[in-house]
Amino acid sequence: MQILLAEEMRALDRAAEEEIGIPGLVLMENAGHAVADAAEKLLGACCHKKILIFAGKGNNGGDGSGAGRWLHNRGAEVTLVLACAAEELSGSAADELQYYIACGATVLEVTDADDNLRFAEIENLALRADLLIDALLGTGFSGKMRSLFLRLCGCINRAKEKNPACSILAVDIPTGVNADTGEADGSAVKADATVTMALPKLGLYLYPGAEHAGTIQVADIGMPSTLLQETEGNRILIEKELIKTILPDRPQNAHKGSAGRVAVVAGSYGYVGAAALCSFAAVKGGAGLVTLLTPENTREILAIKLTEVMVKGLPVSDDRLVAEEALEVVTEALDKADVLAIGPGFGVSEEAGNLIRDILVTTSVPCVIDADAITALKDHTELLSHMLAEKVLTPHPGEMARIIGIRISEIEKNRVEVARLYAEKWQAVVVLKGVPTVVALPDGTVYLNTTGTPAMATGGSGDVLTGLIATLIGQGLTVADAAVAGVYLHGRAGELAAGGSVGMAASELLLKLPEARKL
């Protein structure tokens with residue numbers, strides 16, 4: 001499913017009216033119906049429930065008026081708080097307000113000029129409501145809110161604080177959240193759910209906006225499928241239906257040689273956990289054969305720990321650092337491999353960095369580059385352009401900041417564009433881990449993942465992801481499809497392992513990979 005910016009959504013609305021001939025009022029009526037359905041879902045039943053709708057004078061407010069009429073007709077006690085004088089409305093929004101009034105439902109107009117008594121009346125209504133619907137600004141917000149909207153948003157949020165049983169439903173995007181960036185005003189509405197029209201908006205998935213959106217529902221408002229298919233935002237939401245089309249069915253006559261041969265270069269003296277997690281994730285992700293290449297002084301402990309993995313030692317020097325001769329051992333192993341995962345726990349010594357870079361520029365086997373292998377590229381990112389192999393980089397924001405030379409805060413503020421820029425620059429698939437995890441392709445396409453849980457914020461989770469993406473490449477997926485499917489399945493496995501609580505270990509996450517694959 002495409003993810004849109006605010007202007008792209010406005011262009012879609014215009015095209016529906018001007019090119020297809022669908023009146024804006026029809027789309028608004030469908031949107032109002034969708035909001036009413038979402039409200040009824042939150043409430044369980046509408047009859048006799050107290051609903052307060054906060055509406056602005058734009059199309060977002062028109063959606064709110066339309067929803068109010070449907071909810072009034074279903075037996076709810078509806079009051080519409082209109083954040084302007086009624087005569088300020090025009091077009092379809094004005095029509096919807098008149099339809100709402102004609103049904104006998106209540107309207108309270110409020111403007112900046114009103115005294116405190118008016119706002120106190122609205123506050124009291126909000127405190128007694130079962131549901132508050134935010135239809136004030138929608139995607140029209142950017143910058144800072146003016147005083148009237150600050151007061152109304154404050155009223156909505158305070159009502160929730162004082163009466164947690166009350167639900168808040170946002171229309172399209174919570175008021176005060178930027179639909180393009182996810183930036184949020186300090187008084188932005190904190191919704192329990194958001195019903196967004198036709199296609200989701202980027203700001204719903206970027207923090208802090210995502211914290212304000214609650215559960216996101218995408219409403220079909222009758223936008224022509226031809227227009228939806230023609231949208232060119234190149235931002236795609238990763239969903240279960242997409243992953244079903246990507247993951248191959250394993251043939252009944254499959255054998256270990258046909259199920260993917262994964263080579264892993266990982267681990268170092270004192271850092272064996274990352275290598276073990278990455279290698280075993282490849283096994284649990286479905287690989288037929290996994291070979292771990294690790295320094296000789298870590299080989300024995302990993303061979304004992306990893307029963308299902310072939311563990312081979314790499315030559316080390318007297319000071320326990322990997323030796324130059326290791327390149328020949330790795331090269332020989334890669335001759336029999338379908339994919340290479342490199343970096344977890346391998347160390348950041350000069351010797352380790354040199355070996356990593358030598359491997360990357362000489363192999364033609366697809367590579368998943370993570371952790372210490374990413375660090376080895378600091379001041380050497382030009383090597384990525386000279387690689388013979390297709391590659392996936394899986395940095396967390398700290399690693400990304402380290403190799404491109406900007407602050408982590410700048411990456412978090414612009415994670416979609418940073419991932420897109422460097423995927424194109426490096427001609428690599430870039431998996432920028434975080435919330436949301438962003439998968440950027442060299443052609444400019446960006447995928448956003450929403451599976452996962454805060455419990456995954458634990459050491460080793462990233463090592464599991466590296467092994468999973470590698471094993472999917474080994475099973476025949478393209479590097480792009482493997483990255484997209486990998487982040488989705490990784491997040492889903494985390495949800496299954498955590499069970500809604502924190503305290504999950506990365507080893508528990510990887511054990512849920514087979515279950516996560518049952519889509």
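What comes next is a walk through the structure. (Residues numbered from 1 in each chain as written. Predicted model: local features only at pLDDT ≥ 70, side-chain atom pairs only at ≥ 80, totals over all residues. Heavy atoms only, no water.)

When helices and strands are tallied, the chain shows 22 helices and 17 strands. If you line up the chain on its principal axes, its C-alpha atoms span 85 × 45 × 45 Å. Residues counted as buried form 55% of the 519 residues belonging to the chain. Considering only residue pairs separated by 6 or more positions, the chain has 70% of its internal contacts joining residues 24 or more positions apart. One finds the centroid of the 44 positive side-chain charges in the chain at a distance of 5 Å from the centroid of its 66 negative side-chain charges. (Helix = DSSP H or I, 4+ residues; strand = E, 2+ residues; numbered from the N terminus. Buried < 20%, exposed > 50% of the residue type's maximum accessible area, 1.4 Å probe, protein only. Contact = heavy atoms within 4.5 Å. Lys, Arg positive; Asp, Glu negative; His and termini not counted. Charge placed at Lys NZ, Arg CZ, Asp CG, Glu CD.)

For the pair helix H16 (residues 397-404) and helix H18 (residues 415-426), the least separation of the axes is 13 Å and the interaxial angle reads 50 degrees. With respect to their mutual orientation, H16 and H18 come out oblique. For the pair H16 and H18, the crossing hand works out as left-handed. In this structure, H16 uses Pro397, Met400, Ile403 and Ile404 to contact H18, whose residues at the interface are Arg415, Val418, Tyr422 and Trp426. (Axes fitted to C-alpha atoms, helices over the stretch in contact; angles between N-to-C directions. Parallel < 35°, antiparallel > 145°, perpendicular 65-115°, else oblique. Left-handed = near helix turned anticlockwise from the far one by under 90°.)

An ideal rise of 1.5 Å per residue puts 16 Å on twelve residues; helix H4 (residues 91-102) measures up with 17 Å between its terminal C-alpha atoms. Taken together, the buried positions of H4 are occupied by Ser92, Ala93, Ala94, Glu96, Leu97 and Tyr100. The first or second residue beyond H4 is Gly104, which carries a positive phi of 90 degrees. (Expected span 1.5 Å × (residues − 1).)

Turning next to the nonpolar core. Counting residues in each nonpolar core, the largest one holds 59 residues, and the members touching the most others are Leu340, Ile342, Ile369, Met400 and Trp426. Sequence-distant contacts of Trp426, that is, excluding residues within four places in its chain, are made with Thr381, Leu384, Lys391, Leu393, Met400, Ile403 and Ile404. Counting residues in each nonpolar core, the second largest holds 58 residues, with Val439, Ile469, Ala480 and Leu510 among its members. (Core = buried A, V, L, I, M, F, W, Y, C linked by side-chain atoms within 4.5 Å.)

As a further point, take the packing of helix H10 (residues 273-284) against helix H19 (residues 461-474). Between H10 and H19, whose axes approach to 7 Å, the crossing angle comes to 35 degrees. The interaxial crossing formed by H10 with H19 has right-handed handedness. Contacts between H10 and H19 involve Ala274, Leu277, Cys278, Ala281 and Ala282 from the first element and Asp463, Val464, Thr466, Gly467, Leu468 and Thr471 from the second. When its residues are assigned to classes, the contact of H10 with H19 shows seven nonpolar, three polar and one charged. (Nonpolar A, V, L, I, M, F, W, Y, C, P; charged D, E, K, R; others polar.)

Both faces of strand E12 (residues 339-342) are covered, namely the face carrying Val339 and Ala341 and the face carrying Leu340 and Ile342. As defined by bridge partners, strand E9 (residues 261-265) adjoins E12 across four bridges and the pair is classed as parallel. Residue pairing in the sheet places Val265 in a bridge with Ile342 of E12. Sheet analysis places E12 next to strand E13 (residues 367-369), joined by three bridges and oriented parallel. Among the inter-strand pairings, Ala341 is bridged to a residue of E13, identified as Val368. (Pairing = 2+ DSSP bridges.)

A few words now on the layout of surface pockets. Considering only enclosed or pocket space, the largest pocket measures out at about 850 Å³ in volume. Lining the largest pocket are 35 residues, with Gly434, Val435, Thr437, Thr453 and Met456 sitting closest to its centre. Counting only elements with at least two residues in the lining of the largest pocket, the list comes to strand E7 (215-219), H16, H19 and helix H20 (479-498). When residues of the lining of the largest pocket are assigned to their parent elements, the largest contribution, four residues, is made by H19. Considered class by class, the residues forming the lining of the largest pocket number 14 nonpolar, 17 polar and four charged. Taken as a whole, the second largest pocket encloses approximately 690 Å³ of empty space. Put simply, the parts of the chain that give the lining of the second largest pocket at least two residues each are helix H1 (6-20), helix H2 (24-43), helix H3 (59-73) and H4. Looking at the lining of the second largest pocket residue by residue, the class counts come to twelve nonpolar, twelve polar and eight charged. (1 Å grid on protein atoms, 1.4 Å probe; cavity = no way out; pocket = protein on both sides within 12 Å on 5 of 7 lines; lining within 4 Å. Points joined across faces, edges and corners; volume = space filled by probe spheres on them.)

For the rest of this paragraph, the subject is unusual backbone geometry. Following Tyr207, the chain continues to Pro208 via a peptide bond in cis, the omega torsion being 10 degrees. A cis amide bond links Val435 to the next residue, Pro436, at an omega of -5 degrees. Here Pro436 lies in the loop between strand E15 (429-432) and strand E16 (437-440). Even without being a glycine, Asp172 presents a positive backbone phi close to 75 degrees. By the secondary structure assignment, Asp172 is in the loop between strand E5 (167-171) and strand E6 (193-197).

Once that is clear, we can look at the sheet that holds strand E2 (residues 77-82). Strand pairs in the sheet, formed through backbone hydrogen bonds, run parallel or antiparallel to each other. Spatially, the seven strands line up as an open sheet ordered E3-E2-E1-E4-E5-E6-E7, and their pairing is parallel. Two strands bound the open sheet, and with one partner strand each, they are strand E3 (106-109) and E7. Within this sheet the neighbouring strands show an average axis-to-axis angle of 20 degrees, counted without direction. Judged from the five bridges that link them, strand E1 (residues 50-55) and strand E4 (residues 131-135) form a sheet pairing that is parallel. Looking at E4, one finds that Phe54 is bridged to Asp134.

Below, the discussion takes up the pattern of salt bridges. A side chain with one charge can pair with a side chain of the opposite charge if their charged atoms come near. Considering all chains together, one arrives at 21 salt bridges under this definition. One salt bridge connects Lys512 with Glu515, and the closest N-O pair in it is separated by 3.3 Å. Its relative accessible area of 37% is what places Glu515 among the partly exposed residues. Connected via shared salt-bridge partners are Glu7, Arg10 and Arg14. (Salt bridge = Lys/Arg side-chain N within 4 Å of Asp/Glu carboxyl O.)

Here the focus is the environment of Leu334. Along the chain, the position of Leu334 falls in helix H12 (residues 326-334). C-alpha of Leu334 to C-alpha of Gly21: the two residues are 313 residues apart in sequence and 59 Å apart in space. Those residues in contact with Leu334 that sit more than four places away from it in its chain are Ala263, Leu340, Ile359, Thr363 and Val365.

Now for the environment of Tyr205. Here Tyr205 is to be found in the loop between E6 and helix H7 (209-213). Exposure remark for Tyr205: the relative accessible area of 9% places this residue in the buried category. Separated by 26 residues in the primary sequence, Tyr205 and Ala179 place their C-alpha atoms 9.5 Å from one another. Ignoring anything within four residues of it in the chain, the contact list for Tyr205 reads Ile3, Pro200, Ala210, Ile216, Leu237, Pro436, Leu448 and Thr450.

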